[in-house]
Amino acid sequence: MKKIVMAVSAMMMIAGAAQAERYVMVTHGEGKDPFWPVVQKGGEDAARHVGADFEYIFNPSGDMGDMAKSITAAAATQPDGIVVSLPDPDALGQAIKDAVAAGIPVVTMNSGLESSKEVGALMHVGQPEYLAGQSAGNRAKAEGATKGLCFIQEAYNTALNDRCNGYGEAVPIKLVDSSNDPATIPTRAAAGLQANPDIDAVLSVGPHVCVGVQQAIDELGMSVHHSCFDLSPPVMDMINAGKVKYTIDQQQRLQGYMPIIVMHLYNNGAGLLPGANIPSGPGFVDKSNASSVAALAGVDR
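Attention here is on the structure that accompanies the text. This is a predicted model, so every value here is computed, not measured.

1. Notes on the overall build of the protein
- In terms of helices and strands, the protein carries eleven helices and twelve strands.
- Looking at the protein as a whole, 50% of its 301 residues are labelled buried.
- Contacts in the protein between residues at least 24 apart in sequence constitute 73% of all its contacts with a sequence separation of at least 6.
- Surface accessibility of the protein: about 12800 Å² in total, with carbon and sulfur atoms responsible for 56%.
- Here the protein contributes 20 positively and 31 negatively charged side chains, and the mean placements of these two sets differ by 5 Å.

Here you go:
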């Protein structure tokens with residue numbers, strides 16, 4: 001009798017494992033940006049909370065063709081849903097449309113808000129990037145900024161361009177390619193700063209960019225209004241030290257967490273779905289609240 005009970009229990013465990021939902025997240029992060037581990041952790045936490053399996057894929061090359069292939073490969077495994085960032089709709093759109101045509105629910109996150117519906121996604125979770133740029137620019141102008149540079153690490157990324165262009169509505173700016181490599185950002189930043197000695201403001205649209213640009217500012221002995229996007233422990237330190245005025249928080253944990261929850265509800269609730277996209281930002285982190293979020297920066301914020 002004991003053997004029968006054990007056999008039945010084992011069969012139930014196998015059946016339960018076979019029925020577990022499985023979600024795949026594909027992002028354009030290259031593994032150098034402290035932003036993406038927080039997104040990944042959000043997805044892992046959400047999957048654990050709903051009892052699902054989770055796989056995270058990023059492309060070290062940063063090549064959009066490689067990312068499209070990753071989306072296609074993920075779709076071929078027939079997961080219960082795919083979460084995908086959408087920095088380049090032209091390069092990634094067809095792969096996402098093909099996944100949707102194969103019956104796989106897709107939620108876009110982080111970038112690609114304007115193209116999410118067009119590629120067939122259920123919805124988008126992320127920050128309205130142009131609005132975030134406008135918010136950063138309006139505050140910079142109010143704090144005395146008149147002319148600036150926007151250091152951007154991914155020229156192809158529509159979301160990052162929106163940040164720069166939104167900021168530029170209030171403070172005229174020139175875009176400078178910082179690269180995505182922390183080792184080369186200070187050198188490129190220094191070259192951009194030296195070539196534009198009349199600027200009094202700088203926007204860095206990523207946390208590792210913020211660190212590298214501030215290093216160049218310090219080494220050149222310049223005094224400029226420096227604001228950034230996203231959180232990391234070094235960025236919090238620079239805010240507390242008064243070197244960076246503020247950073248825009250898009251709450252990337254939500255960008256990893258909420259899509260998994262949305263698709264779990266969609267798959268188990270007869271298409272249950274929020275009635276609109278979920279904006280995860282923008283919010284300001286400055287000297288008034290940096291200390292309270294410092295312990296979570298790079299982990300859950």
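2. Observations concerning the state of the cysteines
- Going through the model one piece at a time under the given rule, you end up with two disulfides.
- Two residues share a disulfide in this structure: Cys150 and Cys164, whose sulfurs sit 2.0 Å from each other. Measuring the twist about the S-S bond at about -65°, one finds the Cys150-Cys164 disulfide to be left-handed. With Cys150 in strand S6 (residues 148–152) and Cys164 in helix H6 (residues 158–168), this pair connects stretches of sequence that are 14 residues apart.
- Ordering the disulfide-forming cysteines of the protein by sequence position, one finds them joined as 1-2, 3-4.

3. Some details on the pairing of S6
- Extensive coverage of S6 is indicated by the burial of five of its five residues.
- Burial along S6 is two-sided: Gly148, Cys150 and Ile152 and Leu149 and Phe151, pointing in opposite directions, are all buried.
- With five bridges joining them, S6 and strand S7 (residues 173–177) adopt parallel strand pairing. Within S7, the position partnered with Gly148 by the bridge is Ile173.
- Considered for its hand, the β-α-β crossover made up of S6, H6 and S7 is right-handed.
- Bridge count for S6 against strand S8 (residues 201–204) is four bridges, and the pairing is parallel.

4. Digging into the sheet that holds strand S11 (residues 278–279)
- The sheet built from six strands is open, its strands ordered S2-S1-S3-S4-S5-S11 with parallel pairing. Two strands in the sheet have a free side with no partner beyond their single neighbour: strand S2 (53–58) and S11.
- Relative to the sheet, helix H10 (residues 252–268) contacts strand S1 (22–27), S2, strand S3 (81–85), strand S4 (106–109), strand S5 (124–126) and S11, its axis offset from that of S4 by approximately 165°.

5. Here we look at the packing of helix H7 (residues 185–195) against helix H8 (residues 207–220)
- Two elements in contact, H7 and H8, have axes separated by 8 Å at closest approach and are oriented at 55°. Between H7 and H8, the angle is such that the two are oblique. When the axes of H7 and H8 are compared, the crossing they make is right-handed. Taking contact as the criterion, the partners of Ile185, Pro186, Ala189, Ala190, Leu193 and Gln194 in H7 are, on H8, His208, Val209, Gly212, Val213, Gln215, Ala216, Ile217 and Leu220.

6. So, the sheet that holds strand S9 (residues 225–229)
- Ordered in space as S7-S6-S8-S9-S10-S12, the six strands form an open sheet in which the pairing is mixed. In this open sheet, the two strands that pair with only one neighbour each are S7 and strand S12 (283–286). In this sheet, neighbouring strand axes are inclined to one another by 20° on average, regardless of whether the strands run parallel or antiparallel.
- On the sheet, H6 packs against S6, S7, S8 and S9 and is oriented at approximately 155° with respect to S7.
- On the sheet, helix H9 (residues 233–240) packs against strand S10 (246–249) and S12 and is oriented at approximately 140° with respect to S10.

7. Things to note about helix H4 (residues 89–101)
- For H4, built from 13 residues, the straight-helix expectation of 18 Å at 1.5 Å per residue is met to within 8% by its first-to-last C-alpha distance of 17 Å.
- Along H4, the positions that sit buried rather than exposed are Pro89, Leu92, Gly93, Ala95, Ile96 and Ala99.
- Against helix H3 (64–76), S3, S4 and H6 lie the buried residues of H4.
- Note on H4: the residue one or two positions beyond its end, Gly103, has a positive phi of about 90°.

8. Observations concerning the packing of aromatic side chains
- Using the criterion set out here, one finds three aromatic pairs in the structure.
- Both rings, one in Phe35 and one in Trp36, keep their centres 4.9 Å apart while their planes meet at 80°; by these two values the pair is edge-to-face.
- The exposure class of Phe35 is buried, given its relative accessible area of 2%.
- Residue class for Trp36 comes out buried when judged on its relative accessible area of 6%.
- Ring plane angle 40° and centroid distance 6.2 Å describe the contact between Tyr56 and Phe58, whose orientation is recorded as tilted.
- Phe58 sits in the partly exposed class, given a relative accessible area of 34%.
- Of note, Arg139 hangs over the ring of Phe284, and the distance from its end group to the ring centre comes to 4.9 Å.

About the cut-offs
- Residues numbered from 1 in each chain as written.
- Predicted model: local features only at pLDDT ≥ 70, side-chain atom pairs only at ≥ 80, totals over all residues.
- Heavy atoms only, no water.
- Helix = DSSP H or I, 4+ residues; strand = E, 2+ residues; numbered from the N terminus.
- Buried < 20%, exposed > 50% of the residue type's maximum accessible area, 1.4 Å probe, protein only.
- Contact = heavy atoms within 4.5 Å.
- Areas by Shrake-Rupley, 256 points an atom, 1.4 Å probe, with all protein chains shown as cover.
- Lys, Arg positive; Asp, Glu negative; His and termini not counted.
- Charge placed at Lys NZ, Arg CZ, Asp CG, Glu CD.
- Disulfide = S-S within 2.5 Å.
- Pairing = 2+ DSSP bridges.
- Right-handed = clockwise from strand over helix to strand, strands pointing away.
- Axes fitted to C-alpha atoms, helices over the stretch in contact; angles between N-to-C directions.
- Parallel < 35°, antiparallel > 145°, perpendicular 65-115°, else oblique.
- Left-handed = near helix turned anticlockwise from the far one by under 90°.
- Expected span 1.5 Å × (residues − 1).
- Phe/Tyr/Trp six-rings, centres within 6.5 Å; stacked < 30°, edge-to-face > 60°.
- Lys NZ or Arg CZ within 6 Å of the ring centre and 35° of its normal.

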